[in-house]
Amino acid sequence: MKWYQMDADVVEQKLHVTTKHGLTDRQVEQRRKQYGPNRLETEKNTSKWLIFLKQFQDFMVLILLAATLIAGMLGEYVDAIAIMIIVLVNGFLGYFQEQKAEKSLAKLKEMSAPVAVVLRDGTWEKVPSTEVVVGDVVRINSGDRIPADIRITQANSLETEESALTGESLPVMKHATSISQDRLDAQDQVNMGFMNTLVTRGSGTGIVVGTGMNTVMGQIASLMVKTEKTTTPLEHKLAELGKILIAVALLLTALVVLVGVYQGHPVYNMFLAGVSLAVAAIPEGLPAIVTVALSLGVQRMIKKKAIVRKLSAVETLGCASVICSDKTGTMTENQMTVKEVFLNGKFLYVTGDGYDVKGNVFLNKNKVDRDFPNLEPMFLYGMLCNHASLMVKKGKNYVDGDPTDGALLVAARKLGLSHQLHDNYRIIKELPFDSDRKRMSMVVEDENKMRFLITKGAPDVLLPRSNYVMKEHGRKLMRSEDKQAFDQAIDNMADKALRTLAIAMKPLAKDESLNAATLEKDLSLIGLYGMMDPPRKEVKTAIEESRDAGIKSVMITGDHEKTARAIATELNLLPENGRVLNGYQLNNMPIAELRDIIDQVYVFARVTPEHKLKIVKAFQEEGHIVAMTGDGVNDAPAIKASDIGISMGESGTDVTKEAASLVLMDDNFATIKSAIIEGRNIYENIRKFIRYLLASNVGEILVMLLAMLMAMPLPLVPVQILWVNLVTDGLPAMALGLDKSEEDVMKRGPRNPKEGIFARGLGFKVVSRGILIGVVALIAFMLAYEGNPDNLIYAQTIAFTTLVMAQLIHVFDCRSEQSIFARNPFENKYLVLAVLSSVLLLLVVIYWEPLQPIFHTTALGLRDWMLILIFSFLPSVFFGFSKK
Ligand code: ATP
């Protein structure tokens, strides 16, 4: 017998579990040992050796190795050994960089791994999907990826999309009854849920019958293609730039070599100098350092509770000009509390805060109790048509489930209604809540087998569906003055920033059809709840800071227009002339018209997830780079279409998380702002080290080229050039990647996404500083050389040292867009350490005797150092005054 042929209780028996209690911790432990983790094994880790060997695959390194071989064959062993040492040191540095990047990416992957909701020892808990074992009772909701293969035991309007398995993209309706047929294909096993397929609607529970490679997905996993590593736009641009630089470098190198040979330098010397220069000029370390900078930035973002799912988002973040954010839970605390009730044409007030069940209901100043007409049914129905549970952790109440539902549970408790009352009712059918319907319903049967429907939802959705209204003396036909009274009450509550929710009921005959299309009609409206959800404290400042940074914050909410307006005003999000649009207006507005006014709109109210896509498009067509948040299944298209899709970590569904490039661990709007600052900073840091590395390269080429043109000896020997490039440059460049942002980073407008790497004067900085570095090194060389060949090694040491020192001072200049004097040089301790270690490495090759013949160096005296330091400061200080 197959799982789908068995009744649910047979499955329970076979797997030694009950759907009421779940597995025990011991069973879980044992089964995890037996079956291993619930994971598809499609990717193998690259071994450390391979990563290390990969460092020598690089084109430039291969050229160097070839040069070593030639040097060796010509008997130039010292050169050959020197190059080997440098290549090895470079290989190690590359290896460590890559390891670090890999580790942080792996950590990222782990953090954004999906979770499953399982019942263990009688309590529902969230665990990483990899820890699900056979026999686990799991709960699935719309938007979830099913964590393993399950036999469904309960289904509420449950639909899944199984295209990953079957290629069929239409959703499949699922149910819980057994199927007797034999040999069914996966798509016909409609009481089974399959690993990694998607719940598109409804909710359900099931028992896990297969995990990991023992699932239908596991069987085809080996056929799946590996995900390719994608490059970010910046990495792509740099690769393009790299090609140009290679061409320029090869050309210049050829020029140096030709001029050198023409001037009478030995061919072998010029060959080696040429190779070294080519290596110097081509910033082959650049992409690696960019990746490291990106991944280190990503780690900093994690500390600020933002998980980046796509590295490319880090770059785009810095360009964001609009943040479209959900209100509930992102801008507000998502701690709903019922504050007011509108019932029998009167306002009642509920005391107490948060999820604390202490509080009472008052009419004017008088406490009312359960006898107050319609109050008990209203609160009882609110409790029954509900999915949340009120739990206690560390002595404090919290809500597991939808906070709107949670608020109703708390209100019911304040009236003294106990949760046990649930046992007196049987749920016959459920029509789940979603943001499109803005309502949910349950068909309930009481102890006397009387059936009725409870519907709760947005008042403007329920009012047109209600023909009756509950009054003090029973059910009455709804008249227009009743409608008016409700409308006024809604306005009144919404003006106080309260979320409004209406509740209605309808008695049902035993044999009445439960057809979803006709069920929620002819309702009897009972009353309104007004719920408070206070804004998060930090959001107001975050909105202001974003505004200073040229980023507009826009609120998107399913709530009533007035509620949204009141909260937006409280948050200082809505300027005086700012507009509020609602979903109905959006429906009737062509996108061209929306585009024309969208810059004045700050709040979108009563919208459905479908509207979000239209909003994103309109902003984009107006030239904005849009960040868009979302949590439900239907938000995924808008998240995908936006430039920076953001999903909620806590309340977000798997589908939105997968579509998003950024996940907020704390669901907080303020975190988006932090991520944007970080995004801007990372990009600026990348600019910093590009500037540093390229200016260094320009300096090196220039000193050689000028010397050749002036018919002088080589100011730098090949190993020195290699040493500077592959060893002493690397660490400071990496440390620049860790630099703090300049103070004004959030006072500037967003970056233009079309701007090139060299925009905003970077190109000028590279060339101007590079030329000066080259020139001072050459002058220092000439002063030391004095036209005397006996001074050659001494002069080369001076030129080498001046070049390195000038670069190491220039690295501090690179930290600011303004000048070297703009920032405290000791602020970035990594940079200070990196520069010190580079100086130490320099001293080693100058002063350690065994290395002197290899690096063609000689010990320098105090006077030499004075000269060197004066020259080295010049390139950075010179422009410090002009601020160009
Ligand atoms: P935001 O978009 O700001 O996050 P939201 O997503 O919470 O808001 P929706 O969830 O779409 O907005 O809610 C819209 C309306 O639907 C609410 O104003 C409320 O009237 C109603 N509503 C919300 N939650 C429930 C629920 N659990 N059951 C019934 N109706 C609900």
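Parameters at a glance
- Residues numbered from 1 in each chain as written.
- Predicted model: local features only at pLDDT ≥ 70, side-chain atom pairs only at ≥ 80, totals over all residues.
- Heavy atoms only, no water.
- Helix = DSSP H or I, 4+ residues; strand = E, 2+ residues; numbered from the N terminus.
- Buried < 20%, exposed > 50% of the residue type's maximum accessible area, 1.4 Å probe, protein only.
- Contact = heavy atoms within 4.5 Å.
- Areas by Shrake-Rupley, 256 points an atom, 1.4 Å probe, with all protein chains shown as cover.
- Lys, Arg positive; Asp, Glu negative; His and termini not counted.
- Charge placed at Lys NZ, Arg CZ, Asp CG, Glu CD.
- Near = heavy atom within 4 Å.
- Polar contact = N/O pair within 3.5 Å; in protein donor to acceptor, adjacent residues only side chain to side chain.
- Nonpolar A, V, L, I, M, F, W, Y, C, P; charged D, E, K, R; others polar.
- Domains from an automatic or database assignment.
- Expected span 1.5 Å × (residues − 1).
- Arc of directions from axis to C-beta.
- Buried area = accessible area lost by both parts, 1.4 Å probe.
- Salt bridge = Lys/Arg side-chain N within 4 Å of Asp/Glu carboxyl O.
- 1 Å grid on protein atoms, 1.4 Å probe; cavity = no way out; pocket = protein on both sides within 12 Å on 5 of 7 lines; lining within 4 Å.
- Points joined across faces, edges and corners; volume = space filled by probe spheres on them.
- Phe/Tyr/Trp six-rings, centres within 6.5 Å; stacked < 30°, edge-to-face > 60°.
- Lys NZ or Arg CZ within 6 Å of the ring centre and 35° of its normal.
- Pairing = 2+ DSSP bridges.
- Axes fitted to C-alpha atoms, helices over the stretch in contact; angles between N-to-C directions.
- Core = buried A, V, L, I, M, F, W, Y, C linked by side-chain atoms within 4.5 Å.
- Patch = residues over 30% accessible without salt bridge, like charges linked within 9 Å, V, L, I, M, F, W, Y side chains within 5 Å.

Engineer: Summarise the overall build of the chain; cite the residues concerned and give the values.
Structural biologist: Counting its regular elements, the chain contains 31 helices and 28 strands. With the principal axes as the frame, the chain shows a C-alpha extent of 115 × 70 × 50 Å. Burial status across the chain gives 55% buried among its 884 residues. Within the chain, residue pairs in contact and separated by at least 24 positions form 70% of the contacts whose partners lie at least 6 positions apart. Carbon and sulfur atoms provide 57% of the accessible area of the chain, an area that totals close to 38800 Å². Of note, the chain has its 98 positive side-chain charges centred 3 Å away from the centre of its 99 negative side-chain charges.

Engineer: So what's going on with the site of the ligand? Which residues, and what values?
Structural biologist: Close contacts around the ligand come from 21 residues, with T328, D402, R499, T557 and D559 the closest. Contact between the ligand and D405: a nitrogen atom at 3.0 Å from a side-chain N or O atom of the residue. A distance of 2.4 Å is found between an oxygen atom of the ligand and a side-chain nitrogen or oxygen belonging to D559. Taken by itself the ligand offers 620 Å² of open surface, and the protein chains cover 93% of this. Of all the secondary structure elements, the ones that give two or more residues to the shell around the ligand are α13 (403–414), β18 (451–457) and β21 (499–508). The element contributing the most residues to the shell around the ligand is β21, with three residues. Taken together, the residues of the shell around the ligand sort by class into five nonpolar, seven polar and nine charged. Residue assignment places the shell around the ligand across two domains, with domain 3 (306–332 + 536–667) and domain 4 (337–532) each supplying three or more.

Engineer: Can you tell me about helix α21 (residues 609–621), naming the residues and giving the values?
Structural biologist: The periodicity of an α-helix, 3.6 residues per turn, causes residues three or four positions apart to be oriented the same way. The end-to-end C-alpha separation of α21 is 19 Å, in line with the 18 Å expected for 13 residues at 1.5 Å each. Of the positions making up α21, those classed as buried are P609, H611, K612, I615, V616, A618 and F619. Down the axis of α21, the buried side of the element spans an arc of 165°, and every buried residue falls inside it. Positive phi appears at G623, one or two residues downstream of α21, with a value of about 90°.

Engineer: Hey, could you go over the domain arrangement of the chain for me, with residue numbers and the actual values?
Structural biologist: Accessible area lost upon the coming together of the parts is a frequently used measure of interface size. Here the domain parsing of the chain yields domain 1 (3–43 + 114–223), domain 2 (236–301 + 676–882), domain 3 (306–332 + 536–667) and domain 4 (337–532). For domain 2 and domain 3, the distance between their C-alpha centres works out to 44 Å. Each side of the interface is counted separately: domain 2 has 14 residues, and domain 3 has 17 residues. Taking both partners together, domain 2 and domain 3 bury about 1500 Å²; carbon and sulfur atoms supply 71% of that area. Run the count over domain 2 and domain 3 and you get zero salt bridges. At the junction of domain 2 with domain 3, the criterion picks out five residue pairs in polar contact (both at pLDDT 80 or more). Where the side of domain 2 that touches domain 3 is concerned, the elements lending two or more residues are α10 (286–303) and α24 (669–709). Per element, the largest residue contribution to the side of domain 2 that touches domain 3 is four residues, and it comes from α24. A class-by-class count of the residues in the side of domain 2 that touches domain 3 yields eight nonpolar, two polar and four charged.

Engineer: An account of empty space enclosed by the protein is needed here, citing residue identities and associated values.
Structural biologist: Inspection of the entire model under this criterion finds four cavities of 30 Å³ or more. Here the largest cavity is characterised by a volume of approximately 60 Å³. Forming the walls of the largest cavity are N681, E684, K688, S741, E742, V745, R748 and E817.

Engineer: Run through the layout of surface pockets, naming residues and quoting values.
Structural biologist: With a probe scaled to a water molecule rolled over the atoms, the places where space remains empty come into view. Counted as a void, the second largest pocket has a volume near 620 Å³. Forming the boundary of the second largest pocket are 26 residues, of which A735, L738, D739, N828 and Y830 lie nearest the centre. If you list the elements that add at least two residues to the lining of the second largest pocket, you get α5 (77–111), α10, α24, α26 (730–736) and α29 (829–847). No other element matches the five residues that α29 contributes to the lining of the second largest pocket. Here the lining of the second largest pocket is composed, by residue class, of eleven nonpolar, five polar and ten charged.

Engineer: How would you explain the packing of aromatic side chains if you had to name every residue and give the values?
Structural biologist: One pass over the structure, following the stated rule, counts ten aromatic pairs. Each ring, one from F342 and one from F347, has its centre 5.1 Å from the other, and the planes form 55°; the classification is tilted. According to the relative accessible area criterion, F342 is buried, its value standing at 5%. By relative accessible area, F347 is classed as partly exposed at 21%. Ring geometry for W723 against F855: centres 5.1 Å apart, planes inclined by 70°, an arrangement best described as edge-to-face. Linking W723 in helix α25 (residues 718–728) with F855 in helix α30 (residues 852–855), this pair joins segments that are 132 residues apart in sequence. The residues W723 and F855 share a single accessibility class, namely buried. Of the aromatic side chains, those joined through ring pairs into one cluster are W49, F52, F92 and Y95. The positively charged end of K393 is found above the aromatic ring belonging to Y398, 5.2 Å away from the centroid. Cation over ring: K496 sits above F347, and NZ or CZ is 6.0 Å from the ring centre.

Engineer: Describe the sheet that holds strand β24 (residues 579–582), and please don't skip the residues or the numbers.
Structural biologist: Sheet architecture is open: eight strands sit in the order β8-β28-β27-β26-β9-β23-β25-β24, paired in mixed fashion. Each of the sheet's edge strands pairs with one partner strand only, and the pair in question is β8 (306–308) and β24. Pairs of neighbouring strands in the sheet enclose a mean axial angle of 20°, with direction left out of account. With four bridges connecting them, strand β26 (residues 626–630) and strand β27 (residues 644–648) associate as parallel partners. When the sheet's bridge partners are listed, T629 is paired in β27 with I646. Set on the sheet, helix α18 (residues 561–570) makes contact with β23 (552–556), β24 and β25 (601–605); between it and β25 the angle comes to about 140°. Contacts between α24 and the sheet are confined to β8, β9 (322–326), β23, β26, β27 and β28 (662–664), with β9 contributing the most and set at about 155° to the helix.

Engineer: How would you sum up the nonpolar core? Please name residues and give values.
Structural biologist: In this structure, M555, L573, V603, I686, F689 and M704 are the most contacted members of the largest nonpolar core, which totals 146 residues. Here the element with the most residues in this core is α24; it accounts for 19 residues. Three or more residues apiece are contributed to this core by two domains, here domain 2 (236–301 + 676–882) and domain 3 (306–332 + 536–667). In this view, L573 contacts M331, I543, R547, S553, M555, A568, Y602 and V603; residues no more than four positions away in its chain are not counted. Membership of the second largest hydrophobic core comes to 41 residues, among which are L343, A388, A412 and L415.

Engineer: So what about a negative patch on the surface? Which residues, and what values?
Structural biologist: On the surface, D25, E29, D121 and E125 cluster together into a patch of negative charge. With respect to the helices and strands, the residue E29 is situated in helix α2 (residues 25–35).

Engineer: So, a nonpolar patch on the surface: which residues are in play, and what are the values?
Structural biologist: A contiguous nonpolar surface patch, about 430 Å² in accessible area, is contributed by L69, I70, M73 and L74. Secondary-structure assignment places L69 in helix α4 (residues 59–73).

Engineer: I'd like to hear about unusual backbone geometry, residue by residue, with values.
Structural biologist: Phi at N196 takes a positive value of approximately 70°, unusual for a residue other than glycine. Tracing the chain through its elements places N196 in the loop between β6 (192–193) and β7 (198–210). Residue classification places N196 among the partly exposed residues on the basis of a relative accessible area of 28%. A positive phi angle, close to 50°, is found at E786, a residue other than glycine. Of note, E786 is situated in the loop between α27 (762–785) and α28 (792–813).

Engineer: Residue-level account of the environment of V804, with values.
Structural biologist: In this structure, V804 sits in helix α28. The sequence separation of V804 and E700 amounts to 104 residues, and the corresponding C-alpha distance is 9.8 Å. In contact with V804, not counting residues within four places along its chain, are V724 and L842.

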